[in-house]
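Remarks on the overall topology
Here are the chains, one letter per residue:
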Amino acid sequence: MERKIQVGILGGTGMVGQHFVKFLQNHPWFELTWLGASDRSAGKKYREAAQWHLGGETPASVADIVVDECKPGNAPKLVFSATDASVATEIEQAFAKAGHVVVSNSRNHRMELDVPLLVPEINPDHLKLVPVQQRNRGWKGIIVTNPNCSTVVLTMGLAPLKPFGITKVIATTMQAISGAGYPGVPSMDILGNVIPYIGGEEEKMEQETQKILGDMHGERVRDLAAAVSAHCNRVPVVDGHTVTVSVALSTALAEADLLRAFELYTSVPQERKLPSAPPAPVIYMAQSNRPQPRKDVEREHGMAVFVGRVRPCPVLDFKFVAMGHNTVRGAAGAAVLNAELMVSEGLLA
Ligand SMILES: NC(=O)c1ccc[n+]([C@@H]2O[C@H](COP(=O)([O-])OP(=O)(O)OC[C@H]3O[C@@H](n4cnc5c(N)ncnc54)[C@H](OP(=O)(O)O)[C@@H]3O)[C@@H](O)[C@H]2O)c1
């Protein structure tokens, strides 16, 4: 790319916003030039507005950017959104109406019928909803979303099995505390403990999975016709959501067929060599005690999902474990890969 595409972040001072800032450092296509936040932060330099929670100092390339209000006017065409869910609906819609391409991490628009809920490896064709959305809403811009952090791990684990007809899924999560933002879960609640409830998470996992693994029919996504049951738990892990999965398939398969499906899985981002795409999106680990968040979460820059322990399930057909980086593949990295796919489709022209 001759000249980098300027990008901004709505909600750039928050926890997810900081992950975007970090992920976009030295990006080969995108240059972060604009940051928006609430009126509490607007007018301040980024280093003063944002209490930097990630490793090291506030990156020098953004430290002196003066934070703007989240209002269209000065922002570049492409904006990533990490605004608080209580305000994301209005802010994202105002930017899309004003002609911006909004690549959102917030839950607000994910399940709307004309909004792509995109995982570039799984459903790049769901971008066909873009002209439908623009026509329905009369927008020059677009809103595209990425899934909830646990849903990404589950759907990437299931995607290689989709050709075999997924009919039932039972997924149990062990979710890292970084998924709850900052300050997140109180330390007295989570240290040495498991919390068997994350508000709204099970519903999101069940519904988003059916949409992501669904197929385009005309101008709509027809959801995957599979029953999905999620059990979501918060555990004292810093980064990395682990999901244990039992799955029923409509095709009779041997264990070796599943292993081959995981090992051979590749898709559009790999073919197009998108900058944030991992060479292999799903990595099968043969060791019986892997994947593990502490040992595996940082591999492949946090962009691959690791799968292991494929074996027969006495209730459904097979079971396995999947693990991925919740703030990278489940948040900032997911949105940046979505934007790269959109650039490769000519949607940023
Ligand atoms: N992919 C995922 O699974 C995942 C994971 C975690 C979070 N999320 C979503 O990401 C979003 C951000 O989460 P977070 O943990 O980063 O939250 P956070 O740390 O509280 O940050 C919220 C951001 O929104 C801004 N904001 C708040 N009120 C605003 C307003 N009235 N106008 C404009 N900006 C406003 C804040 O600006 P100030 O600093 O000025 O207050 C801050 O930049 C949420 O929608 C959350 O649901 C998604």
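Only a predicted model underlies this, so the values are computations on that prediction, with no experimental measurement involved. (Residues numbered from 1 in each chain as written. Predicted model: local features only at pLDDT ≥ 70, side-chain atom pairs only at ≥ 80, totals over all residues. Heavy atoms only, no water.)

Quick notes on the nonpolar core
Applicable threshold: The nonpolar core is taken to be a set of buried Ala, Val, Leu, Ile, Met, Phe, Trp, Tyr and Cys residues, with the residues joined through side-chain atoms within 4.5 Å. Throughout this description, buried means an accessible area under 20% of the type-specific maximum (1.4 Å probe, protein chains only), exposed means over 50%, and partly exposed covers the range between. To qualify as a helix, a DSSP run of H or I must reach at least 4 residues; to qualify as a strand, a run of E must reach at least 2; elements of each kind are numbered from the N terminus. By definition in these notes, contact holds between two residues if any of their heavy atoms fall within 4.5 Å.
Counting residues in hydrophobic clusters, the biggest one holds 43 residues, and the most contacted among them are F30, L78 and F80. Taken together, the elements giving at least two residues each to this core come down to β1 (5-10), α1 (15-24), β2 (30-37), α2 (46-49), β4 (78-81), β5 (101-104), β6 (142-145) and α12 (328-344). With 9 residues, α12 is the single largest residue contributor to this core. Contact partners of F80, with chain neighbours within four places excluded, come to V7, G8, I9, L10, F20, L24, F30, V103, A335, V336 and A339.

Structural notes on the sheet that holds β4
Heads up, the condition is: Two strands qualify as a pair provided that DSSP identifies no fewer than 2 bridges between them. The angle between two axes is taken between their N-to-C directions and runs from 0 to 180 degrees, where each axis is a line fitted to C-alpha atoms and a helix contributes only its stretch in contact.
Read from one edge of the open sheet, 6 strands run β3-β2-β1-β4-β5-β6, paired in parallel fashion. Each of the sheet's edge strands pairs with one partner strand only, and the pair in question is β3 (68-69) and β6. Relative to β3, β2 runs parallel, the two sharing 2 bridges. Of the residues in β3, the one forming a bridge with G36 is D68. Packed onto the sheet, α12 meets β1, β2, β4, β5 and β6 and runs at close to 145 degrees relative to β5.

Some points on the site of the ligand
Where we set the bar: The criterion for a residue being near a molecule or strand is simple. One of its heavy atoms has to lie within 4 Å of it. Side-chain atoms alone can form a polar contact between residues adjacent in sequence; in general such a contact is a pair of N or O atoms within 3.5 Å, and within protein one must be able to donate a hydrogen while the other accepts it. Calculation of accessible area relied on Shrake-Rupley with a 1.4 Å probe; when residues are assessed, cover is drawn exclusively from the protein chains displayed. Gly is put with the polar residues, along with every residue not named as nonpolar or charged; the nonpolar set is Ala, Val, Leu, Ile, Met, Phe, Trp, Tyr, Cys and Pro, and the charged set is Asp, Glu, Lys and Arg.
Around the ligand lies a shell of 28 residues, among which T13, V16, S38, S41 and G330 are the nearest. In the model, an oxygen atom of the ligand is placed 2.6 Å from a nitrogen or oxygen of the T13 side chain. Surface burial for the ligand is 77%, taken as the share of its 920 Å² of free accessible area covered by protein chains. Its residues assigned to classes, the shell around the ligand shows 11 nonpolar, 14 polar and 3 charged.

Digging into the packing of α1 against α12
In plain terms, the rule: Any angle that is under 35 degrees is reported as roughly parallel, and any over 145 degrees as roughly antiparallel; angles of 65 to 115 degrees are reported as roughly perpendicular and all others as oblique. The handedness criterion is simple: a crossing whose near helix is rotated anticlockwise from the far helix by less than a right angle is left-handed, and one whose near helix is rotated clockwise is right-handed.
Packing of α1 against α12 leaves a shortest axis separation of 9 Å and a crossing angle of 55 degrees. Between α1 and α12, the interaxial angle falls into the category oblique. In this structure, the crossing between α1 and α12 has a hand that is right-handed. Of the residues in α12, those touching α1 at V16, H19, F20, F23 and L24 are V328, A331, A332, G333, A335 and V336.

As for the sheet that holds strand β7 (residues 166-174)
Judged by pairing direction, the sheet is mixed, and its 6 strands sit side by side in the order β10-β7-β11-β14-β13-β12 without closing on themselves. Two strands lie at the open edges of the sheet, namely β10 (227-231) and β12 (282-285), each paired on one side alone. The average angle at which neighbouring strand axes cross in this sheet is 25 degrees, direction not considered. Pairing of β7 with β10 involves 5 bridges; the strand directions are parallel. Residue I170 lies in a different strand from β10, and its bridge partner there is S229.

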